[in-house]
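Next come the chains, spelled out residue by residue.
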There are 2 protein chains.
Amino acid sequence: MSVDPRESQPNPQGSRIDPYVDAYAARAAGMVASEVRALFAVASRPEVVSLAGGMPNISALPLDALGELAQQVVVEQGRTALQYGSAQGDPVLRQQICEVMALEEIDASPDDVIVTVGSQQALDLVTKVFVDPGDVVLTEGPTYVTAINTFAAYQAHIEHIPMDDDGVIPEALEERLAALTRQGKRVKFFYTVPTFNNPAGVTLAPERRHRVLEICERFNLLVVEDNPYGLLRYEGDPVRPLRAESERNVIYLGSFSKTLSPGFRIGWALAPAAVRDKLILAVESAMLSHSNFNQAIVGRYLATQPWPEQIKEFNEMYRARRDAMLSSLDALMPPECSWTRPSGGFFVWATLPEGINSKAMLPRAVNERVAYVPGTGFYYGGGGERNMRLSFCYPTPEQIREGVRRLVSVLESEIELRDTFGGVPSSTGRGGEAPAPDLP
Amino acid sequence: MSVDPRESQPNPQGSRIDPYVDAYAARAAGMVASEVRALFAVASRPEVVSLAGGMPNISALPLDALGELAQQVVVEQGRTALQYGSAQGDPVLRQQICEVMALEEIDASPDDVIVTVGSQQALDLVTKVFVDPGDVVLTEGPTYVTAINTFAAYQAHIEHIPMDDDGVIPEALEERLAALTRQGKRVKFFYTVPTFNNPAGVTLAPERRHRVLEICERFNLLVVEDNPYGLLRYEGDPVRPLRAESERNVIYLGSFSKTLSPGFRIGWALAPAAVRDKLILAVESAMLSHSNFNQAIVGRYLATQPWPEQIKEFNEMYRARRDAMLSSLDALMPPECSWTRPSGGFFVWATLPEGINSKAMLPRAVNERVAYVPGTGFYYGGGGERNMRLSFCYPTPEQIREGVRRLVSVLESEIELRDTFGGVPSSTGRGGEAPAPDLP
């Protein structure tokens, strides 16, 4: 199998004359397809072990029970479930969402919850409500790829704050905020995935959480806390979300995509009342309302099924996969490589030796039947050239071990090439690439 | 029962100190709650006949069959249906959508269809891709209320083109386009609901359709054709959508909300290839993907159920309701009133006598247990003070007749007041009000 990404089709930009090119909004310039997208189409072939995707493994879901719930919702409450709903979302589900958040010690009122199409839509609407072109959005570096695309689509100026194994570095955040304030920049919010970060796999240490909140409050900066993985912990003690410490200054985003299923597209925002009201209006103009039907099914699932046990079962499965990945990396990775050791979530973030470019290596890796996401996708405006995101959520432990073996073999060839010829040309990073379709 | 709209709660603006007021994006200023929203909460009480809402009447849906389909989707294809999907939408459903559009003589490829959360999301994304602040969007006057909100949320400058009983007036469109071109304005598209217009109830005459398309092509202007009601025709011959005449210059929006159910939130855009690619990227950053699950249910419904017969049944029901409304209006409305005579869709647009303000009259109407939508909601920046939208989709024929009786009684009192005291103060119109939740 031979793969040349330059042959990729379709290429939305460039290869075709676009008669509307002068008509697009300026923000559309930030909507650009990823260069590696075509490669991921190849990577989804069955012979390839994909360590790239962020899809949850839903094979453990009780499909018979869910099927019955879906039928009951239609037959017993179809007149309302199949009708338009409220823009804020179903009140019963919003109450249940508060109970889910209470598991992480968040104290919230259903009045302040807005149901959205995954937490992705919540992030889009928060950005829509707050960000004017040129406004600064701060995020961890690296950060969730589609968050970058969302901010770029509203023409935000995105800046990354560095992380270490304990999450974002508070001093770096404070320093950057002070500098931006001196420059008179409008900084709109700090977007963070503090627990089991996507893509870094690290968790913001408890002692740092207070510090981050204190800094943001001092600079009058909203925190947008994205917590899709919080309940997927495989070891160690739970860490309280930022929202559990600060009600006034945190917009919290949650999701059932990883704890139940992404197929219902149910996420939510929990926001201070004034922001909540803006978000409800934004929901209306974006889609009128979410599906009453889907909300009712998730509501019935939470009301009738042993969902905390289901999450435990997911965690058992994911723990075994994480262990398979970490032990394979420990055993096989060449010297000069390092990687994070996640206590939960879906991702390991690896750093390659000097002179190895993960994006340049990707076609060769796919050729060897293993895929990952190059680190550059998780930075805006450069960075991550020596990094890769390895996900352990979807493949089996056996596949993960085989995938790491293949990856290491490619990496060793790259290192040999580097030592012989002095390295491969480095990439210049990216600006607002869209993710591959399988990269939530 | 006494209603004072000034007592309305919650009022997202004004009544509460908003600590984030300086942080919002400029576009958030265009996201404003409707003044009449609180009134509609009252209007939803059972004793009120609501001629206000645009909810389809789904009581004829085969819930048993739909319940079984939903169960089958989960049990038989849950592994994919409950997983993330593609941003463009399910290929099988996209093919079926083309078959639905073929009923109206639209020839389309599934490759050019994007599945969205109702056609509302399609409209939001089209606006996001095309409209910079200050760009002009042309629409009919009056036009769909949430379209106005969507355009306002992207800071469009919205201009209305007048209609008569045959739809938008081509000469008025041409004249306005010529003037805007002379002024060097960037006009991004002409948004139109040409068939069974919401709220006007009128249909663009066939001979005008070619003229409108010719004008827009000459001015290099995209047409955004919103056609949620096209298949809901109660008399006369079908009219070909604009998209059936022009593939290159029309973005077409469709929906299953009125022909099946709004509860699945499945709509679509059909767009020229270059625009389609932009819209797919916009879908990704807005919500990653629509629900595979909902798409699979609608796909199975179309594949296994007699849906054209279902639409016929809907049409029988709606025809009886329209007839009830028109015959009641004919019999009871005072002189100096006029109204449109829709051949399909959900709405009648009434014009009241000089000196009668429909918004000022609304609290008195609700007090008399009948509700409607004042015409001002369907204009941006003023207009419609003497108009109201009367919908016949949801109440029964008996309720419609009773509703019209109550309305006429209120109207007669208003006319008497006007004749005695010289009229009520007129409203100054609106700018970007959000609709009541029941007003799709």
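Residues numbered from 1 in each chain as written. Chains lettered and ligands numbered in written order. Predicted model: local features only at pLDDT ≥ 70, side-chain atom pairs only at ≥ 80, totals over all residues. Heavy atoms only, no water.

An unreviewed UniProt entry lists chain A under the name Valine-pyruvate aminotransferase, with Thermobifida fusca TM51 given as the organism. You can read under Cofactor (unreviewed entry) in the UniProt record for chain A the words "pyridoxal 5'-phosphate". Regarding chain A, the relevant UniProt record gives this comment under Sequence similarities (unreviewed entry): "Belongs to the class-I pyridoxal-phosphate-dependent aminotransferase family." (UniProt positions renumbered as here; feature names shortened; annotations may be inferred.)

**Description of the domain arrangement of chain A**
All names here are of chain A. Taken domain by domain, chain A consists of domain 1 (26-60 + 309-415) and domain 2 (63-305). Computed over C-alpha atoms, the centres of domain 1 and domain 2 are 25 Å apart. Taking both partners together, domain 1 and domain 2 bury about 2,700 Å²; carbon and sulfur atoms supply 62% of that area. Counting the surface domain 1 buries against domain 2, the share from its top three residues, Ser343, Phe378 and Tyr380, is 23%. Here domain 1 and domain 2 share one salt bridge between them. One salt bridge in this structure joins glutamate 235 and arginine 322, with 3.3 Å as the shortest N-O distance. Counting across the interface, domain 1 meets domain 2 through 12 residue pairs in polar contact (both at pLDDT 80 or more). Where the side of domain 1 that touches domain 2 is concerned, the elements lending two or more residues are helix H11 (307-332) and strand S11 (347-351). Counting residues per element, the side of domain 1 that touches domain 2 draws most heavily on H11, which supplies seven residues. Here the residues of the side of domain 1 that touches domain 2 are counted per class, giving 16 nonpolar, nine polar and four charged. (Domains from an automatic or database assignment. Buried area = accessible area lost by both parts, 1.4 Å probe. Salt bridge = Lys/Arg side-chain N within 4 Å of Asp/Glu carboxyl O. Polar contact = N/O pair within 3.5 Å; in protein donor to acceptor, adjacent residues only side chain to side chain. Helix = DSSP H or I, 4+ residues; strand = E, 2+ residues; numbered from the N terminus. Nonpolar A, V, L, I, M, F, W, Y, C, P; charged D, E, K, R; others polar.)

**Side note on the interface of chain A and chain B**
The parts lose accessible area when they come together, and the size of an interface is often stated as this lost area. Taken together, the contact pairs 91 residues of chain A with 91 residues of chain B. Buried surface at the junction of chain A and chain B, both sides included, amounts to about 7,600 Å², of which 59% is carbon and sulfur. When residues of chain A are sorted by the area they lose upon contact with chain B, Tyr20, Leu82 and Tyr84 of chain A head the list and together hold 10% of the total. Run the count over chain A and chain B and you get two salt bridges. A salt bridge links aspartate 124 of chain B to lysine 128 of chain A; the shortest N-O distance between them is 2.9 Å. Connecting chain A to chain B are 43 residue pairs in polar contact (both at pLDDT 80 or more). Counting only elements with at least two residues in the side of chain A that touches chain B, the list comes to helix H2 (63-81), helix H4 (118-130), helix H5 (145-153), helix H9 (273-287) and helix H10 (292-304) of chain A. (Contact = heavy atoms within 4.5 Å.)

**What to know about the packing of helix H6 (residues 170-182) of chain A against helix H7 (residues 206-218) of chain A**
All names here are of chain A. Across the interface, H6 lies against H7 with an axial gap of 9 Å and an inter-helix angle of 10°. Compared by their axis directions, H6 and H7 come out roughly parallel. Along the contact surface, H6 presents Pro170, Glu171, Leu173, Glu174 and Leu177, while H7 presents Arg208, Arg211, Val212, Ile215, Cys216 and Arg218. Within the contact of H6 with H7, the residues separate by chemical class into six nonpolar, no polar and five charged. (Axes fitted to C-alpha atoms, helices over the stretch in contact; angles between N-to-C directions. Parallel < 35°, antiparallel > 145°, perpendicular 65-115°, else oblique.)

**Considerations on the UniProt feature "domain: Aminotransferase class I/classII large" (unreviewed entry) in chain A**
Residues annotated by UniProt as "domain: Aminotransferase class I/classII large" (unreviewed entry) correspond here to residues 62-407 of chain A. From the first C-alpha to the last, residues 62-407 of chain A spans 34 Å; its make-up is 46% helix and 17% strand.

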